[in-house]
Amino acid sequence: MRIRALRDSLEGTELDGYLVAREVDILYITGFRGGSYLLIPVDGECTLYVYGVDYEAAKSALGEVNVKLLKYEEDPHKTLSRDIRELGCRRVGFDSMSVRDYLQLQDALGDIELKEASEIVWSLRKIKDKDEIRLMKKAAEITVAGLKAAVDALNPGVREYEVAAEAEYAMRRAGAEGPAFETLVSSGPRAAYPHGWTTDRTIRDGELVIIDLGAKYRGYCSDLTRTVVVGKPSQKQKRLYEAVLEAQRKAVEVLREGVDAKMVDAEAREALGKQGYSKYFVHGLGHGVGLEIHEPPKINPGSKEKLEAGNVVTVEPGVYIPGYGGIRIEDTVHVTRSGVEKLTEASYELEIG
């Protein structure tokens with residue numbers, strides 16, 4: 001459990017309690033999936049609030065936390081406010097909740113301040129420990145198996161969704177809980193759409209195909225993209241591909257603890273600019289990955305963050321030419337003090353035969 005780490009993070013904040021309202025944050029802190037709220041006072045017993053469907057499982061899994069049953073016929077905000085008052089809290093932080101829930105809970109709390117403080121959880125979550133890295137390595141290994149199955153399924157005449165189905169089946173067979181996000185297979189002119197999704201389009205000989213996929217393993221995600229050509233690539237396709245691959249190499253070379261995230265993005269843009277393609281790079285270079293597929297830190301031109309050892313991020317430069325197609329090459333990497341550890345070890349071959 002990471003309750004002590006969160007309590008330590010409350011020092012100097014003037015908060016005397018913290019309410020975790022996002023299920024994924026409850027999972028991160030307790031290791032239990034299914035909680036509705038987790039109340040952590042600076043001093044005193046922590047309470048996990050669950051509905052009946054998760055009550056017995058929570059009691060069985062959590063020995064250090066008081067598990068409290070929420071009843072559907074009762075207002076959970078009144079229950080929470082009563083318990084917060086009994087703990088003597090005067091200012092309570094929280095990670096995230098809907099406007100409706102916030103207003104109802106603040107109304108029930110009266111003069112007790114409810115303060116958004118999501119940065120407290122994120123400051124912990126964006127630095128992965130050894131156990132998290134181990135799980136993410138396994139997620140990456142499973143993702144690579146899914147990519148191999150997708151590439152093996154590629155032939156002229158196959159539909160995009162058939163390729164995605166083979167990838168997801170292979171990841172399940174390799175131990176995935178499921179895909180970390182909707183598998184993306186976009187071909188031909190559709191490869192010019194960074195979020196082109198997967199359709200019933202038939203893939204043709206000589207076309208660029210972007211395959212973007214990820215597995216989830218014990219809650220943790222991986223993210224991997226490769227672009228391939230079905231058949232013989234043209235000189236233009238080879239030139240575009242080498243430009244994107246070089247942009248990724250340049251970005252990876254400067255990735256390490258203490259580097260400004262926007263500087264890493266700038267390295268990739270500069271590399272593409274030298275080849276005349278920077279205007280076709282229409283998204284940020286990368287993002288954090290963990291229990292969710294998109295987490296801090298962001299690696300884009302507007303980022304104000306410095307990279308830290310323990311960050312796990314994607315590096316995914318791309319070139320997208322409307323009406324022609326696109327290329328993206330993406331890996332998930334673990335930032336270290338001296339550089340990066342690549343988690344997604346997959347082939348960079350453009351031609352698949």
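Sequence order as written defines the numbering, with residues in each chain counted from 1. Note on the predicted model: pLDDT of at least 70 is required for a residue's local features to be given, and 80 or more for side-chain atom pairs to be given and counted; whole-chain, interface and lining totals, by contrast, use all residues. Only hydrogens and water are set aside when side-chain values are computed; all heavy atoms of the structure are taken into account.

K.L.:
Honestly, the overall build of the protein in this entry has me stumped. Any pointers?
P.N.:
When helices and strands are counted, the protein shows ten helices and 19 strands. With the C-alpha coordinates aligned to their principal axes, the bounding extent of the protein is approximately 70 × 40 × 35 Å. Sorting the 353 residues of the protein into buried and exposed places 52% on the buried side. Under the DSSP-based scheme used, a helix requires at least four consecutive residues in state H or I and a strand at least two consecutive residues in state E, with every element numbered from the N terminus. Throughout, exposure labels follow a simple rule: accessible area from a 1.4 Å probe, protein chains only, divided by the maximum for the residue type, with under 20% read as buried, over 50% as exposed, and the rest as partly exposed.

K.L.:
So what exactly am I meant to see when it comes to the pairing of strand β4 (residues 66-70) here?
P.N.:
Bridging between strand β3 (residues 47-51) and β4 involves five bridges; their strand directions are parallel. Across the sheet, the residue bridging to Leu 48 is Val 67, located in β4. Handedness of a crossover is defined as follows: with both strands directed away from the viewer, a clockwise route from the first strand across the helix to the second makes it right-handed. Handedness of the crossover is the feature at issue here: the chain leaves β3, passes through helix α3 (residues 52-61), returns alongside β4, and the resulting connection is right-handed. One bridge is not enough; two strands pair if DSSP finds at least two bridges between them.

K.L.:
How should helix α2 (residues 23-30) be read in this particular structure?
P.N.:
Quick reminder: α-helices carry 3.6 residues per turn. Residues three or four places apart thus point the same way. In terms of burial, α2 is a largely internal element, seven of the eight residues being buried. For α2, the set of buried residues is Val 24, Asp 25, Ile 26, Leu 27, Tyr 28, Ile 29 and Thr 30. Positive backbone phi, approximately 85 degrees, marks Gly 31, located one or two places after α2.

K.L.:
What's the story with the sheet that holds strand β10 (residues 215-217) in this structure? I'm lost.
P.N.:
Strands sit in the order β7-β10-β11 across an open sheet of three strands; the sheet is antiparallel. Each having just a single partner strand, β7 (178-179) and β11 (220-221) make up the two edges of the open sheet. In this structure, β7 lies alongside β10, joined through two bridges in antiparallel fashion. Looking across to β10, one finds that Pro 179 is bridged to Ala 215.

K.L.:
Hey, could you run me through the packing of helix α9 (residues 235-254) against helix α10 (residues 261-274) in this one?
P.N.:
Helices that pack against each other are described as a pair by the angle of their axes relative to one another and the distance between those axes. One can describe the packing of α9 onto α10 by two numbers: an axis separation of 8 Å at closest approach and a directional angle of 150 degrees. Taken together, the axes of α9 and α10 lie roughly antiparallel to each other. In this structure, the crossing between α9 and α10 has a hand that is right-handed. Contact residues: α9 offers Ala 243, Val 244, Ala 247, Lys 250, Ala 251 and Val 254, while α10 offers Met 263, Val 264, Glu 267, Ala 268, Ala 271 and Leu 272. When residues are grouped by polarity, Ala, Val, Leu, Ile, Met, Phe, Trp, Tyr, Cys and Pro land in nonpolar, Asp, Glu, Lys and Arg in charged, and all others, Gly among them, in polar. The residue makeup of the contact of α9 with α10, split by class, is ten nonpolar, no polar and two charged. Here, axes are lines fitted to C-alpha atoms. For helices the fit covers the stretch in contact, and angles between N-to-C directions go from 0 to 180 degrees. If an angle is under 35 degrees, it is roughly parallel; if it is over 145, roughly antiparallel; if it lies from 65 to 115, roughly perpendicular; otherwise it is oblique. Each crossing gets its handedness from the near helix: less than a right angle anticlockwise from the far helix is left-handed, clockwise is right-handed. In this description, contact between two residues means that some pair of their heavy atoms is separated by no more than 4.5 Å.

K.L.:
Teacher, can you tell me more about helix α5 (residues 99-109) here?
P.N.:
Those residues of α5 that sit buried are Leu 105, Gln 106 and Leu 109. For α5, the angular spread of the buried residues around the axis is 100 degrees, confining them to a single face. Opposite the buried face of α5, at more than 90 degrees from it, the exposed residues are Val 99, Arg 100, Leu 103 and Asp 107. Packed against the buried residues of α5 are β1 (17-20), α4 (76-86) and β6 (113-116). At the C-terminal side of α5, Gly 110 shows a positive phi close to 65 degrees. This arc describes the spread of directions from the helix axis toward the C-beta atoms.

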